[in-house]
Structure formats: C-alpha cells, structure tokens
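# Observations on the model geometry
The primary structure of each chain is shown beneath.
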Amino acid sequence: MDARLAVSRRLDDRRSNTCGLVAAILALLSSLSWGLSDFLGGFQSRRVALLAVLLLSQALAWVILAVAVLAGAPTEHDTAATLWAAGTGGLGLLGLVAFYRALSIGTMSVVAPISATGVAIPVFVGLLSGERPGALQVAGIVLACVGVVLAGREAPSDDEATRRAGRKAIGLALLAAIGFGTFFAGIDRAEETGDVAWVLLSARSADMVLLLIACAIFRPTLPRAPATLGALAAVGVFDLLANLLFILAAGRGLLSVVGVLGSLYPAVTVLLARVVLHERLTRAQSAGVAITLAGVIALAAG
C-alpha cells in the first residue's frame, strides 16, 4: 500500500512538473508574441498612417475574437461588466495610440520598457482600496522610476530635432503606460462579474467603434500592398495570440511565475529594434532600459 502511495505521489509530482514546464513555455511564447506585435505595430506606424495601423490590425483580431466567443459556450456576463469593460477599452485604446506614436518617432528600445511600467497602476489602485503592496512591488516601482529617468537621458551627440522627438516619445510612452495600467485595473474589475472572453470582446468592440468614428472623421489613407496588409494583420494576430497563450499559461502554472515570464515582452521589442533597426543606446540609456525591465518583472512577480 505504501509503495502504491509512493508511486502515485511520484506520478503527481511529474504531472505537476510537466504542467509547470508547459505553463512556463506558454508564458514565454506569450511574451514573444506581444513583443513581435509591439515591434511590428511600431514599425508599421513609421510607414503607414497611425489610424490605419490601428484599424486594420485591431479589426482582424476583433473578428477572430468575436467568432470564437459567439461560436463557443454561452458566456456569463451582466450589463455592469459589459459597460465597465467598454469604458476601460477606450482607455486601453488611448494607451495604444500613444504607444504606437511613441514607437514611430522615438527609440523603440527606450519606449517599450517605459510603456510596460503601466503594471504599477493596478498596484496604486489596490493601495487606494486599502491593500498593502509587498516589498517586491515597492522595489519594482522604485526601479521603474529610476529606470525611466536613466532611459530618458539624451545622448550628447543628438541634434535638437532628435532630442525634441525623444522627449515627446518618452512623454507618449508614459501616457501609454497610464492607459495600459488603467486598462488592466478596469478589466480586473469587470472580470469580477463577467466572463473573461466576454469582457475582452466588450473592450475590443468599444475600441472598434471609436476607431471607425475616428477614421470616418480623419479619413486616413489605407494601404493596399499585400505585404503591408499582411504585416498589419500579424500585429493583431500576435496580440490576440499572446492573450490566449497567457490565459492558458495562467491556468496551468503558478501565476507568480507566469506573470514574470509573461512580462518579458519589452525585451523582445528591444532585441528586435537592435537587430532590425540597428538602434544603439548610450550606457546610461542601456542601464535605464535594464533597470526598467527589472522593475516591470518585480511588479509582475509581486
């Protein structure tokens, strides 16, 4: 009997280890997908009108999500959750607009980590609600603040136009961080009374309505080249895939581990910017990027 129990425990340990490994791989893949989406979105924003990038990339993702939700099992939701998610979606879109604009005019290696510091917003919301942040979260906030200051330092060789663009990009990246962080906090609130899939669909539906209205007013030129359309489609698909992979990872492993691995996506964008765009940073900027990433990871781990 004891031997059978020991064998059973060993099998359970192996299953647990296997699930943990699968969760880690899924979380890393989600970071890879988010990083690819961010890089492609920023890169295309340098070549195509920003509204066109947002509309075409988000439209495909919305269609895929809508079909998946409506064709799947009935979801649990109420009016309050739907309205909360829709309102939060508008803030997330504001963050995305600021983020893509920052990527298009600034240094991606600096913009991506700064925009990721939005994970601190839910911590502040929790603090206002009476929660006490852990030591790791406090350390993450401090690291993020120090990192942003260092990453935002201008290179001595930059001309005035480059410096102005850099300062504007950092301001937009901070605005993006606020938009993303508020979106995270709002989605968390909406999910308390609504199904995750329905909440995400409600938020993205609000985004689509706002984008369609903006495009009707400003009438951006839409690209027709198949390569460009394919790249914009990839932006939305990678973003949606990253969300799916992260949800799957969270369901199979420890959220403390999955959250950290899933927060590494700015590193992917930084690496792509260095390899593809040949971006070069000063020592202070490189240190700032590294410290900011460490702060983001600490916040996610907390």
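Before going further, it helps to spend a moment on the overall build of the chain. Along its length, the chain carries twelve helices and zero strands. The order of α-helices and β-strands along the chain, N terminus first, is α-α-α-α-α-α-α-α-α-α-α-α. For the chain, the proportion of its 302 residues judged to be buried stands at 43%. Within the chain, residue pairs in contact and separated by at least 24 positions form 89% of the contacts whose partners lie at least 6 positions apart. Accessible surface, the chain: about 15,500 Å² in total, of which carbon and sulfur atoms supply 67%.

The pLDDT averaged across the chain works out to 84; a share of 89% of its residues lies at or above 70. Below pLDDT 50 for its whole length, residues 1–15 participates in zero contacts with residues either more than four positions away or in separate chains.

For helix H5 (residues 120–128), the set of buried residues is Ala120, Val123 and Gly126. The arc that holds every buried residue of H5, seen down its axis, measures 115 degrees, which confines them to one face. Close packing links the buried residues of H5 with helix H6 (135–151) and helix H12 (283–301). Looking one or two residues beyond H5, the residue adopting positive phi is Gly130, at roughly 105 degrees.

Here the focus is the packing of aromatic side chains. A full pass over the atoms with the stated rule returns six aromatic pairs. On the basis of an interplanar angle of 10 degrees and a centroid distance of 6.0 Å, the ring pair of Phe39 and Phe43 is categorised as stacked. Separated by four residues within a single helix, Phe39 and Phe43 lie in helix H1 (residues 2–45), roughly one turn from each other. Take Phe43: its relative accessible area is 25%, and that puts it in the partly exposed class. For the pair Phe99 and Tyr100, a centre-to-centre distance of 6.0 Å together with 35 degrees between the ring planes defines the contact as tilted. Neither residue differs from the other here; Phe99 and Tyr100 are each classed as buried. Chaining the aromatic ring pairs together yields one cluster made of Trp34, Phe246 and Tyr265.

We now examine the nonpolar core. Residues Phe99, Tyr100, Val110, Val111, Ile114, Leu211 and Val289 are the most contacted members of the largest nonpolar core, which totals 39 residues. Ranked by residues supplied to this core, first place goes to helix H3 (residues 79–105) with seven residues. Setting aside residues up to four positions removed in sequence, Leu211 forms contacts with Leu51, Leu54, Leu55, Gln58 and Leu93.

Criteria and cut-off values
Residues numbered from 1 in each chain as written. Predicted model: local features only at pLDDT ≥ 70, side-chain atom pairs only at ≥ 80, totals over all residues. Heavy atoms only, no water. Helix = DSSP H or I, 4+ residues; strand = E, 2+ residues; numbered from the N terminus. Buried < 20%, exposed > 50% of the residue type's maximum accessible area, 1.4 Å probe, protein only. Contact = heavy atoms within 4.5 Å. Areas by Shrake-Rupley, 256 points an atom, 1.4 Å probe, with all protein chains shown as cover. pLDDT = per-residue confidence, 0-100. Arc of directions from axis to C-beta. Phe/Tyr/Trp six-rings, centres within 6.5 Å; stacked < 30°, edge-to-face > 60°. Core = buried A, V, L, I, M, F, W, Y, C linked by side-chain atoms within 4.5 Å.

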